[in-house]
Amino acid sequence: MILLLGCSPSEPTINTTPVISGIQELMLDEKDLDQLRMTTAISESDIQMFELSNGTNCRTDEEYTNILDSSIGQYNICVYNIPSLNNTQIIIELQKFANYEALNNSYQYGSSHLYSVEGIISENDYGDQSTFRVNNENDYMGNLNNKSIYYYHLWFTKDEFMVHITSKGSEEAERYIADTGQLILSKFG
C-alpha cells in the first residue's frame, strides 16, 4: 500500500521588511544615541557653522533641490558629539532623491570628488555602492590638514537614499563611523 501525503498550499509570503519612506525614519533616536555612546550636546559655533536652529542639533529640508540635476528630494544633517573622544564630532547627512539617476550622479560626485585612493578603508562593505575612507595628504589640498585631526567618511546608498557619515577629531572615531553606518543600515530591515 502506497501512502500519498499531500501538502496543503503554503500561505503567501508577506514581506515584513519595513519600507523607508523618508529621511525622518533614518534619523538617530535617543536609544540609538545611547547604543552608539553619542550625544546631541554640541557647541554654539557648530550650531552656527551647520546653520542649525538654536536648541537642536539637526536641520531638515523636506523639499531639497539637488544641485546636480534640480530634482526635488529630502535632506537632513545632524551633528553629534562623542564624549569619550575629546573634541570629536560625527556629522550625518541623509538624502532622499527623486530617482536613481539623481542618486547615482550625486553619489559618484560626492564620494570620489577631491579624494585620493590612498585613504580608502573599504569599498562595498555597506552595500554595493559604499566607500569608507580617511583623510590622506594626497587628497586635494590634503597637505593643509592638521595631522592630528582625522576625517573619516562613509558613504552608502540604499533604495533612493544616500547616507554620508563623517567625523572630525580622533583617530579612534573610525569604529563609531562603522557602528553608526551599520545601525542606519539596520533601519532598512
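Up top you'll find the structure we're talking about.
Residues numbered from 1 in each chain as written. Predicted model: local features only at pLDDT ≥ 70, side-chain atom pairs only at ≥ 80, totals over all residues. Heavy atoms only, no water.

**Student:** Where do I start with the state of the cysteines in this structure?
**Tutor:** Covalent bonding between the sulfur atoms of two cysteines is what defines a disulfide. In total, this model carries 1 disulfide according to the counting rule given. Between C58 and C78 runs a disulfide, and the two sulfur atoms are separated by 2.0 Å. Between C58 and C78, the S-S torsion sits near 115 degrees, and that sign places the bridge as right-handed. Separated by 20 residues along the polypeptide, C58 in strand β1 (residues 58–65) and C78 in strand β2 (residues 72–81) bring together distant segments of the chain. (Disulfide = S-S within 2.5 Å. Helix = DSSP H or I, 4+ residues; strand = E, 2+ residues; numbered from the N terminus.)

**Student:** What should I look at first to understand empty space enclosed by the protein in this one?
**Tutor:** Taking a probe equal in size to a water molecule and rolling it over the atoms shows the remaining empty space. Taken as a whole and judged by the stated rule, the model has 1 cavity of 30 Å³ or more. Approximately 40 Å³ is the volume found for the largest cavity. L26, M27, L28, N76, C78, Y80, I92, L94 and I184 together form the lining of the largest cavity. Within the residue set of the lining of the largest cavity, elements represented by two or more residues are β2 and β3 (89–96). Top contributing element to the lining of the largest cavity by residue count: β2, with 3 residues. Residues belonging to the lining of the largest cavity are distributed by class as follows: 8 nonpolar, 1 polar and no charged. (1 Å grid on protein atoms, 1.4 Å probe; cavity = no way out; pocket = protein on both sides within 12 Å on 5 of 7 lines; lining within 4 Å. Points joined across faces, edges and corners; volume = space filled by probe spheres on them. Nonpolar A, V, L, I, M, F, W, Y, C, P; charged D, E, K, R; others polar.)

**Student:** Would you take a moment to explain the environment of D128 for this structure?
**Tutor:** The residue D128 is located in the loop between β4 (120–123) and β5 (130–134) in this model. Its relative accessible area of 76% is what places D128 among the exposed residues. For the pair D128 and F156, spaced 28 residues apart in sequence, the C-alpha to C-alpha distance is 8.2 Å. (Buried < 20%, exposed > 50% of the residue type's maximum accessible area, 1.4 Å probe, protein only.)

That's the geometry; what it means functionally is another story.
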